[in-house]
Amino acid sequence: MGNTPQLTSSEIDLLEQTRDLYLQNGYTKSSTHLRKKILIKFLQFRESFPDGMDITSFQNSDAIKKRLPNAEKHADRLMRLFNAFDKDKSGNIDFYEYTGAKKLFKSQSPADKIRLCFRALDVNADGILNREDIEHAVEFLFKGDDSEWKIKYESAERLTREIFLAVDVNNNNGLSCVEIIEFQEKQPELFKHLGLNLVFVTDGQEEENVELND
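A. Structural view of the overall build of the protein chain. When helices and strands are counted, the protein chain shows 13 helices and 0 strands. Contacts spanning at least 24 positions in sequence make up 59% of the contacts within the protein chain whose residues lie at least 6 apart. For the protein chain, the computed accessible surface area is about 12300 Å², with 46% contributed by carbon and sulfur atoms.

B. Representation of the side chain of Ser-147 in the model. If you trace the backbone, Ser-147 turns up in the loop between α8 (131-138) and α9 (148-153). Within the local environment of Ser-147, its side chain forms a polar contact with the backbone oxygen of Leu-141, the two atoms lying 2.6 Å apart. A polar contact of 3.2 Å, which involves the side chain of Ser-147, links it to the backbone nitrogen of Trp-149. Beyond its immediate chain neighbours, meaning those up to four positions away, Ser-147 contacts Leu-141 and Phe-142.

C. A look at the confidence of the model for the protein chain. Looking at the protein chain as a whole, the pLDDT averages 84, with 88% of positions reaching at least 70. Of the regions scoring below 50 in pLDDT, residues 205-214 engages in 27 contacts with residues more than four places distant in sequence or in other chains.

D. The arrangement of the packing of aromatic side chains in detail. This structure, assessed with the given rule, holds 9 aromatic pairs. Ring centres of Phe-45 and Tyr-98 lie 5.3 Å apart, and the angle between their planes is 40°; on these two criteria the pair is classed as tilted. Taken together, the residues span a long stretch of sequence, with Phe-45 in helix α2 (residues 31-48) and Tyr-98 in helix α6 (residues 95-106) at a distance of 53 residues. Exposure remark for Phe-45: the relative accessible area of 7% places this residue in the buried category. Here Tyr-98 falls in the buried class, since its relative accessible area comes to 18%. Seen from the ring of Phe-164, Arg-131 lies directly overhead, with NZ or CZ sitting 4.5 Å from the centre. Here the basic side chain of Lys-152 rests over the ring of Trp-149, its NZ or CZ set 4.1 Å away from the ring centre.

E. View of unusual backbone geometry. Backbone geometry places Glu-154, a non-glycine residue, at a positive phi of 70°. With respect to the helices and strands, Glu-154 occurs in the loop between α9 and α10 (156-167). Relative accessible area serves as the criterion here: at 58%, Glu-154 is assigned to the exposed category. Within the chain, Val-201 stands out as a residue other than glycine whose phi angle is a positive 40°. Relative to the helices and strands, Val-201 is located in the segment after α13 (196-199).

F. Inspection of the environment of Lys-150 at higher detail. Tracing the backbone through its elements, the reader meets Lys-150 in helix α9. Taking the relative accessible area as the measure of exposure, Lys-150 reaches 31% and is therefore partly exposed. When residues no more than four places from it in sequence are discounted, the contact partners of Lys-150 are Phe-142, Gly-144 and Asp-145.

Cut-offs and rules
- Residues numbered from 1 in each chain as written.
- Predicted model: local features only at pLDDT ≥ 70, side-chain atom pairs only at ≥ 80, totals over all residues.
- Heavy atoms only, no water.
- Helix = DSSP H or I, 4+ residues; strand = E, 2+ residues; numbered from the N terminus.
- Contact = heavy atoms within 4.5 Å.
- Areas by Shrake-Rupley, 256 points an atom, 1.4 Å probe, with all protein chains shown as cover.
- Polar contact = N/O pair within 3.5 Å; in protein donor to acceptor, adjacent residues only side chain to side chain.
- pLDDT = per-residue confidence, 0-100.
- Phe/Tyr/Trp six-rings, centres within 6.5 Å; stacked < 30°, edge-to-face > 60°.
- Buried < 20%, exposed > 50% of the residue type's maximum accessible area, 1.4 Å probe, protein only.
- Lys NZ or Arg CZ within 6 Å of the ring centre and 35° of its normal.

In structure tokens:
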């Protein structure tokens, strides 16, 4: 690679966190290979986004242009996708967050899908989805005059009530990510009946999935 690139202490910490992320996801090649792989990807990311990725650079990235053309016309969807990457809700996506979100996008695990979509919906990053969050999330099911969900539940508000009755085991008017994952694992059929497989794309049917290469 030529001269060894200069890294700050915070960048070194970031690379170590990313390395741990790969190991947690079952990376099996040598440690030296992994470090080189991460360093190359980090340098590419840093060259493209020296200050991290804000909403504008996120919107203009090749991956988003490919999967969400005319993103400016889909501001809500774009912001939710950005939130899914921006784990700490700082308004800026760093290399670790970018890599972590890519791993969740590629995962076939329903729990990982739920974690990613939960992050997108949890705009204020308090770890809880309230009734307004869920109602907003299920509204797309009721679009169109012939929506089967209108026949089953009449409105997003009613469906939201049914979801909370089924999932909110603590009765605190808020759903945690753990509650939703456990509900999906214990009652997968009811999870689908309530449309949560579509909200949290656990069947891999996401409308605008972002394919990001390793």
